[in-house]
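Structural overview
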Amino acid sequence: QVQLVESGGGLVQPGGSLSLSCAASLISLRLYGMGWFRQAPGKQRELVAFITSGGSTNYIDSVKGRATISRDNAKKMVDLQMNNLKPEDTAVYYCYARHYYTGFTSWGQGTQVTVSS
């Protein structure tokens, strides 16, 4: 069973930075596309950033230029660095994994990010 454990959430002032990490208990991270979703109160869960096994990345428009997703296949870690945080970035952030061949998906338990002064 795949387990994803997020860390790094917390309270940040507007304009600040935060780094989220996801530790994956996978046989091989190379078999998975990885991403970060977020869900704000009363809103649908949305994909913030995604990274392929080869390192190609995609970002939601609202975080482009402010977020960087990265992965370390050997360490089985996926990170999300976010800068110039805004109150609208406040949400629970979830790590996500999707197996390339089976389509099997896994979610972490989520970590709260609150951007407020």
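Because the structure is a prediction, the values reported are computed rather than measured.

1. Quick notes on the sheet that holds strand β7 (residues 67–72)
- The strand order across the open sheet built from four strands is β1-β3-β8-β7, with neighbouring strands paired in antiparallel fashion. Each of the sheet's edge strands pairs with one partner strand only, and the pair in question is β1 (3–7) and β7. Neighbouring strand axes in the sheet, compared pairwise and without regard to direction, differ in orientation by 15° on average.
- The pairing of β7 with strand β8 (residues 77–82) spans six bridges and is antiparallel. Of the residues in β8, the one forming a bridge with threonine 68 is glutamine 81.

2. With respect to the nonpolar core
- Leu4, Met34, Trp36, Val78, Leu80 and Tyr93 are the most contacted members of the largest nonpolar core, which totals 29 residues.
- Mapped onto this core, the elements with two or more residues apiece are β3 (18–25), β4 (32–39), β5 (46–51), β7, β8, β9 (91–99) and β11 (111–115).

3. As for the pairing of β5
- Across five bridges, β4 lies against β5 in antiparallel orientation. Paired with arginine 38 across the bridge in β5 is glutamate 46.
- Linkage of β4 to β5, two consecutive antiparallel strands, is achieved through a turn of six residues, within which glycine 42 is found at a positive phi near 75°.
- Relative to strand β6 (residues 57–59), β5 runs antiparallel, the two being bridged by three bridges. In the strand pairing of β6, phenylalanine 50 is matched with asparagine 58.
- The hairpin formed by β5 and β6 contains five residues between the paired strands, and glycine 55 there has a positive phi angle of roughly 100°.

4. Side note on the pattern of salt bridges
- Counting across every chain of the model gives four salt bridges.
- In this structure, aspartate 61 engages lysine 64 in a salt bridge whose closest nitrogen and oxygen atoms are separated by 3.0 Å.
- Put simply, Arg38, Glu46, Arg66 and Asp89 are held in one network by salt bridges that share partners.

5. Considering the packing of aromatic side chains
- The tally for this structure, following the rule as stated, stands at four aromatic pairs.
- Residues tyrosine 94 and tryptophan 107 carry aromatic rings whose centres are separated by 6.5 Å and whose planes lie at 85° to one another, so their mutual orientation is edge-to-face. In this pair, tyrosine 94 sits in strand β9 while tryptophan 107 sits in strand β10 (residues 105–107), placing the two residues 13 residues apart along the sequence.
- Residue classification places tyrosine 94 among the buried positions, given a relative accessible area of 14%.
- A relative accessible area of 35% places tryptophan 107 in the partly exposed class.

Procedures and definitions
- Residues numbered from 1 in each chain as written.
- Predicted model: local features only at pLDDT ≥ 70, side-chain atom pairs only at ≥ 80, totals over all residues.
- Heavy atoms only, no water.
- Pairing = 2+ DSSP bridges.
- Helix = DSSP H or I, 4+ residues; strand = E, 2+ residues; numbered from the N terminus.
- Axes fitted to C-alpha atoms, helices over the stretch in contact; angles between N-to-C directions.
- Core = buried A, V, L, I, M, F, W, Y, C linked by side-chain atoms within 4.5 Å.
- Buried < 20%, exposed > 50% of the residue type's maximum accessible area, 1.4 Å probe, protein only.
- Salt bridge = Lys/Arg side-chain N within 4 Å of Asp/Glu carboxyl O.
- Phe/Tyr/Trp six-rings, centres within 6.5 Å; stacked < 30°, edge-to-face > 60°.

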